[in-house]
Amino acid sequence: MSDAVSAMDGTSVTVAGRLALAIHEHRLPPGTKLIEDEVGDIFGVSRTVVRSALQQLAHDRLVTLQKNRGAHVAQPSIREAREVFEARSLLEPRTARSAAERATPTDIARLQAHIDEEHHAIHAGDSGRALRLSGLFHVEIARIADQDTIAAFIAQLVARSSLIIALYWRKRTALCESHAHDALLRSLADGKAGLAEDLMKGHLLDLVSSLDLRGAAAAPTSLKDALRP
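The following paragraphs examine the structure supplied in this document. (Residues numbered from 1 in each chain as written. Predicted model: local features only at pLDDT ≥ 70, side-chain atom pairs only at ≥ 80, totals over all residues. Heavy atoms only, no water.)

### Overview of the sheet that holds strand β3 (residues 70–73)
Ordered by their spatial adjacency, 3 strands build an open sheet running β1-β3-β2, and the pairing between neighbours is antiparallel. For this open sheet the edge positions go to β1 (33–34) and β2 (63–66), each flanked by a neighbour on one side alone. With 4 bridges connecting them, β2 and β3 associate as antiparallel partners. Counted as the bridge partner of Val63 is Val73 from β3. Contacting β1, β2 and β3, helix α3 (residues 47–59) crosses the sheet at an angle of about 115° to β2. (Pairing = 2+ DSSP bridges. Helix = DSSP H or I, 4+ residues; strand = E, 2+ residues; numbered from the N terminus. Contact = heavy atoms within 4.5 Å. Axes fitted to C-alpha atoms, helices over the stretch in contact; angles between N-to-C directions.)

### Things to note about the layout of surface pockets
Put simply, the second largest pocket is a space of about 200 Å³. Around the second largest pocket, the lining residues are His24, His59, Asp60, Arg61, Leu62, Ala152, Phe153, Ala155, Gln156, Leu157, Ala159 and Arg160. Top contributing element to the lining of the second largest pocket by residue count: helix α7 (residues 148–168), with 7 residues. Split by residue class, the lining of the second largest pocket holds 6 nonpolar, 3 polar and 3 charged. (1 Å grid on protein atoms, 1.4 Å probe; cavity = no way out; pocket = protein on both sides within 12 Å on 5 of 7 lines; lining within 4 Å. Points joined across faces, edges and corners; volume = space filled by probe spheres on them. Nonpolar A, V, L, I, M, F, W, Y, C, P; charged D, E, K, R; others polar.)

### Some details on the packing of helix α4 (residues 78–102) against helix α6 (residues 127–144)
It is the contact of α4 with α6, at a shortest axis distance of 8 Å, that shows an interaxial angle of 55°. What the angle tells us is that α4 and α6 run oblique. The hand of the α4/α6 crossing is left-handed. Only His138, Ile141, Ala142 and Ile144 of α6 make contact with α4, whose side of the interface consists of Arg88, Glu92, Thr95, Ala96, Ala99 and Arg102. Broken down by class, the residue content of the contact of α4 with α6 amounts to 5 nonpolar, 2 polar and 3 charged. (Parallel < 35°, antiparallel > 145°, perpendicular 65-115°, else oblique. Left-handed = near helix turned anticlockwise from the far one by under 90°.)

### Concerning the pattern of salt bridges
All told, the structure shown has 14 salt bridges when counted by the stated rule. Here Glu92 ties to Arg88 by a salt bridge, and the two come within 2.5 Å at their closest N and O atoms. One end of the pair, Glu92, and the other, Arg88, are both in helix α4, 4 residues apart, so they sit about a helical turn from each other. Within this structure, Glu36, Asp37, Arg47 and Arg51 form a network of salt bridges that share partners. (Salt bridge = Lys/Arg side-chain N within 4 Å of Asp/Glu carboxyl O.)

### Considerations on the pairing of β3
Judged from the 2 bridges that link them, β1 and β3 form a sheet pairing that is antiparallel. Paired with Lys33 across the two strands is His72, which belongs to β3. If you look at the hairpin formed by β2 and β3, you'll find 3 residues sitting between the two strands, and Asn68 has a positive phi there, around 70°.

### What to know about the packing of helix α5 (residues 105–123) against helix α9 (residues 180–189)
Contact pair α5 / α9: the axes reach a minimum separation of 10 Å and the direction vectors enclose 170°. By the angle between their axes, α5 is roughly antiparallel relative to α9. Taking contact as the criterion, the partners of Ile108, Leu111, Gln112, Ile115, Glu118 and His119 in α5 are, on α9, His181, Asp182, Leu185, Leu188 and Ala189. Counted by class, the contact of α5 with α9 contains 6 nonpolar, 3 polar and 2 charged residues.

Have a look at this one:
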């Protein structure tokens, strides 16, 4: 691979990462049109780089690419929303059990730091960032469980859940009221595998109950505002 091609690939990964972050933090709601020229101007890159970044995000199902319509942030259907959370309910409770059996003091400290950061975002009123961190907490539990294949599935499901929550979340106050992650952390720290499994089941059920499969999020004022660091 030439240096030029390698540099372009690295730049497209960076652009894809910035776009993905904005999607996960709900600065780019589902349905937002991603105009190649505009995205390129914002990041100071060519349309070729933008196109590559959008293709990466389409592969991760965060963006849809349609002929003659361009790129849009994906809009999961009600059926997809149900399927995603059903899959999570099948995978994550068992993964939490495995994590409780394997967690080390270092793992627990890392999870605690993660929760602290999540709480800081909540208190700062940054619900988008708090939700992204909440999703990453679940991915981290899968990592601790040392189940790489399942962890990869969970990471994809969590990413799609971010879009689903942006579209269908109705109980926004629940973010501040929920202590589910603190309880999960205690069960992992104490090695209580059965309790961790039950807590994860209940937590995911609460997430599903917070969805209103009728609503939709509004688009941001502009791509430039949404993608501001």
